[in-house]
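Spelled out from the first residue to the last, the chains are:
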Amino acid sequence: MAERMLQFVTHPQVLPEKRDAAERRQDFGEIYRGFARSRAEEQASRCSQCGIPFCSVHCPLGNNIPDWLKLTAEDRLEEAYEMSSATNTFPEICGRICPQDRLCEGNCVINKGFESVTIGAVERFITENAFEQGWVKPALPDRDLGRSVGIVGSGPAGLACAERLRAQGYEVHVYERQDRVGGLLTYGIPSFKLEKHVVARRHALLEEQGIVFHLSTPVGSGEGETSLEDLRARHDAVFLATGVYRSRDVKVPGAGLEGVVDAIDFLTASNRRGYDEDPGEDAALHAKGRRVVVIGGGDTAMDCVRTSIRQGAERVTCVYRRDRANMPGSRQEVYNAEEEGAHFEWLGSPEAFLGDSSVSGVRVLKMRLGAPDASGRRSIEGTGQHDVIEGDLVIKALGFDPEDLPGQFNEPELAVTRWGTLTVPPGGFETSLPGVFAGGDIVRGASLVVWAIKDGRDAADAIHHYLTETVTGSLEAAE
């Protein structure tokens, strides 16, 4: 059925239908509608089936993208799902929130005049169709191996590791300090990018697989917390997938004024409201009727900008020290924010937050781009000119750093890098504590969900090797 492929010369690229900006400003529903079956098959048929698939090469998971595109184009949808899920634990999530423009689609070799294959939208369709058809089943083990693994954190790295280890036959316990599974998938990413029923559906599937979740169970050395020492005694191995949650600060005058808040606090409060929960002491973290200034240029900044718009902000301005072309976040997210009414102050760096007890504005130093540095990225320098942006809610969205895990766990022997991330050997996952492994953002720093999934899957394989080959009295010897 080769004639079904290479259709990029006859079928133009078609993106998923997007809800009108005026409509989507009013709620937190996902803004993209999924492909219908005929559209997904048509768009999949545009793949050129090139000999060196750069889409796969530039996918952290190495997804067999041309293969499942071909299967989709040929209406072999169950096989397409099996192929897609073979390398990706959560394709329905990656299809929604992966920055395809920087990864697979951005490296599609189709001539740019014809535009790339819409890989992410097809991936989402394949998995949603599989759920509708009942093809998505829990990966039940053939046998129980009689050993257990404790996982700290239920974000994408922790969940991917848990799913893979349970499929191999381990008893898996996941310890999560929040009251819901998902980590930043649940409390960090807004529902207009990832509706929460998608995460809840996967949680239910993992429970059906036999994974045990301990929610509202913080791990640490404080009163009422479960210690890492206890977990090491309780389990044969431990995987740390805590992520990074400590917000980077802006060290300028006025940073302590009321109304200057961290992005994670703002987004968590908003997502809790989406569950009809009382945000408690974070009740003031709401943008309704306020002039909001968001500092930063990544995807978290765009999440704050677009959340503020939906909460009814009077005006939302994003301040970023470089220009549009050098923003680290998704360009599509910037475009979506502009459609929804956001304003952007390019080449501006906050110099001070103004106000007496509460913030009233941001003094911004105007910047200009200089010569490229060693990495090829253009440097920035101040122009000496200033601007003042009025605002009574300032959201700092400058990224995240790791928490002090050795201190939090009271484990001074747990080695960290100079950035505070956990130390593991190159290509490995075991920390300085025997039998304790780590992966995801707590090792590589704040990164993408797809990288966390890869780390979780690879760490599961490393833990399996450790328990079967390294630990005295391996399973093979016991048999």
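As the structure is a prediction and not an experimental result, all values here were calculated from the model.

### Here's the deal with unusual backbone geometry
Of note, the phi angle at Asp75 is positive, near 65°, even though the residue is not glycine. Examined against the element boundaries, Asp75 turns out to sit in the loop between helix 4 (65-73) and helix 5 (77-87). One non-glycine residue, Leu347, lies in the positive phi region at around 55°. Within the element layout of this structure, Leu347 appears in the loop between strand 9 (343-345) and strand 10 (348-355). Classification of Leu347 as partly exposed rests on a relative accessible area of 22%.

### Focus on the domain arrangement of the protein chain
Domains assigned within the protein chain are domain 1 (21-133), domain 2 (148-244 + 402-477) and domain 3 (252-396). Just the C-alpha atoms count here: the centres of domain 1 and domain 3 sit 31 Å apart. Taken together, both faces of the contact between domain 1 and domain 3 bury some 980 Å²; the carbon and sulfur share is 43%. On the domain 1 side of the interface with domain 3, the three residues burying the most area are Arg24, Arg25 and Phe28, jointly 53% of the side's total. Where domain 1 touches domain 3, the interface holds 2 salt bridges. Linking domain 1 to domain 3 there are 9 residue pairs in polar contact (both at pLDDT 80 or more). Its residues assigned to classes, the side of domain 1 that touches domain 3 shows 4 nonpolar, no polar and 5 charged.

### A look at the sheet that holds strand 10
Read from one edge to the other, the open sheet built from 3 strands follows the order 10-11-12, with strand pairing classed as antiparallel. Both edges of this open sheet fall to strand 10 and strand 12 (378-390), since each of them pairs with a single strand only. For this sheet, the mean inter-axis angle between neighbouring strands, taken without regard to orientation, is 20°.

### Quick look at the UniProt feature "domain: Dihydroprymidine dehydrogenase" (unreviewed entry) in the protein chain
The UniProt entry lists residues 24-134 under the feature "domain: Dihydroprymidine dehydrogenase" (unreviewed entry), expressed in the numbering used here. Helix makes up 50% of residues 24-134 and strand 0%. Its end C-alpha atoms lie 30 Å apart.

### Regarding the packing of aromatic side chains
This model, assessed by the stated rule, comprises 5 aromatic pairs. Arranged with centres 5.0 Å apart and planes meeting at 10°, the rings of Phe344 and Trp346 form a pair that is stacked. What makes Trp346 partly exposed here is its relative accessible area of 22%. Pairing Phe437 with Tyr466 gives two aromatic rings, centres 5.3 Å apart and planes at 70°, and the pair type is edge-to-face. Of this pair, Phe437 sits in strand 15 (residues 436-438) while Tyr466 sits in helix 17 (residues 449-470); the two residues are 29 residues apart in sequence, bridging distant segments of the chain. The ring of Tyr275 has Arg180 sitting right over it, with the charged end atom 3.7 Å from the ring centre. Just above the ring of Phe131 sits the side chain of Arg201; from NZ or CZ to the centre is 3.7 Å.

### What to know about the environment of Ser191
With respect to the helices, strands and loops of the structure, Ser191 is situated in the loop between helix 9 (184-187) and helix 10 (196-209). Separated by 79 residues in the primary sequence, Ser191 and Ser270 have C-alpha atoms spaced 9.7 Å apart. Leave out the neighbours within four places in its chain, and Ser191 touches Phe28, Gly29, Glu30, Lys196 and Asn271.

### Focus: the pairing of strand 8 (residues 315-319)
Burial analysis of strand 8 places 4 of its 5 residues in the buried class, the great majority of the element. Bridging between strand 7 (residues 291-295) and strand 8 involves 5 bridges; their strand directions are parallel. Note on strand 8: the bridge partner recorded for Val294 is Cys318. Regarding the hand of the β-α-β motif, the stretch spanning strand 7, helix 13 (residues 299-310) and strand 8 is right-handed. Bridge count for strand 8 against strand 9 is 3 bridges, and the pairing is parallel. When the bridges of strand 9 are listed, Val319 appears paired with Glu345. In this fold, strand 8 hands off to helix 14 (residues 331-339), which returns the chain to strand 9; that crossover is right-handed.

### What to know about the sheet that holds strand 8
Spatially, the 5 strands line up as an open sheet ordered 6-13-7-8-9, and their pairing is parallel. The sheet is open, and its two borders are formed by strand 6 (260-262) and strand 9, each paired with just one other strand. Put simply, the sheet's adjacent strands are angled 25° from each other on average, direction ignored. Note: strand 6 against strand 13 (residues 393-396), 3 bridges, orientation parallel. When the sheet's bridge partners are listed, Val260 is paired in strand 13 with Val394. Sitting on the sheet, helix 12 (residues 263-274) touches strand 6 and strand 13, and the angle it makes with strand 6 is about 75°. Across the sheet, helix 13 is in contact with strand 7, strand 8, strand 9 and strand 13; its angle to strand 8 comes to roughly 170°.

### Focus: the pattern of salt bridges
Tallying each qualifying case throughout the model produces 37 salt bridges. The partner of Asp27 in a salt bridge is Arg19, with the nearest N and O atoms 2.6 Å apart. On the basis of relative accessibility, which here comes to 8%, the residue Arg19 falls in the buried class. Taking the shortest distance from any N to any O, the salt bridge between Glu79 and Arg76 comes out at 3.0 Å. Given the relative accessible area of 33%, Arg76 is considered partly exposed. Via salt bridges that share partners, Lys18, Arg24, Lys193, Asp303, Arg306, Arg310, Glu333, Glu339 and Glu340 belong to a single interconnected network.

### Points about the nonpolar core
Counting residues in each nonpolar core, the largest one holds 71 residues, and the members touching the most others are Leu69 and Ile463. A total of 9 residues in this core trace back to one element, the largest contributor, which is helix 17. A domain-level breakdown of this core finds at least three residues from each of domain 1 (21-133) and domain 2 (148-244 + 402-477). Listed in part, the 26 residues of the second largest apolar core include Phe266, Met327, Ala337 and Ala342.

Cut-offs applied
- Residues numbered from 1 in each chain as written.
- Predicted model: local features only at pLDDT ≥ 70, side-chain atom pairs only at ≥ 80, totals over all residues.
- Heavy atoms only, no water.
- Helix = DSSP H or I, 4+ residues; strand = E, 2+ residues; numbered from the N terminus.
- Buried < 20%, exposed > 50% of the residue type's maximum accessible area, 1.4 Å probe, protein only.
- Domains from an automatic or database assignment.
- Buried area = accessible area lost by both parts, 1.4 Å probe.
- Salt bridge = Lys/Arg side-chain N within 4 Å of Asp/Glu carboxyl O.
- Polar contact = N/O pair within 3.5 Å; in protein donor to acceptor, adjacent residues only side chain to side chain.
- Nonpolar A, V, L, I, M, F, W, Y, C, P; charged D, E, K, R; others polar.
- Pairing = 2+ DSSP bridges.
- Axes fitted to C-alpha atoms, helices over the stretch in contact; angles between N-to-C directions.
- UniProt positions renumbered as here; feature names shortened; annotations may be inferred.
- Phe/Tyr/Trp six-rings, centres within 6.5 Å; stacked < 30°, edge-to-face > 60°.
- Lys NZ or Arg CZ within 6 Å of the ring centre and 35° of its normal.
- Contact = heavy atoms within 4.5 Å.
- Right-handed = clockwise from strand over helix to strand, strands pointing away.
- Core = buried A, V, L, I, M, F, W, Y, C linked by side-chain atoms within 4.5 Å.

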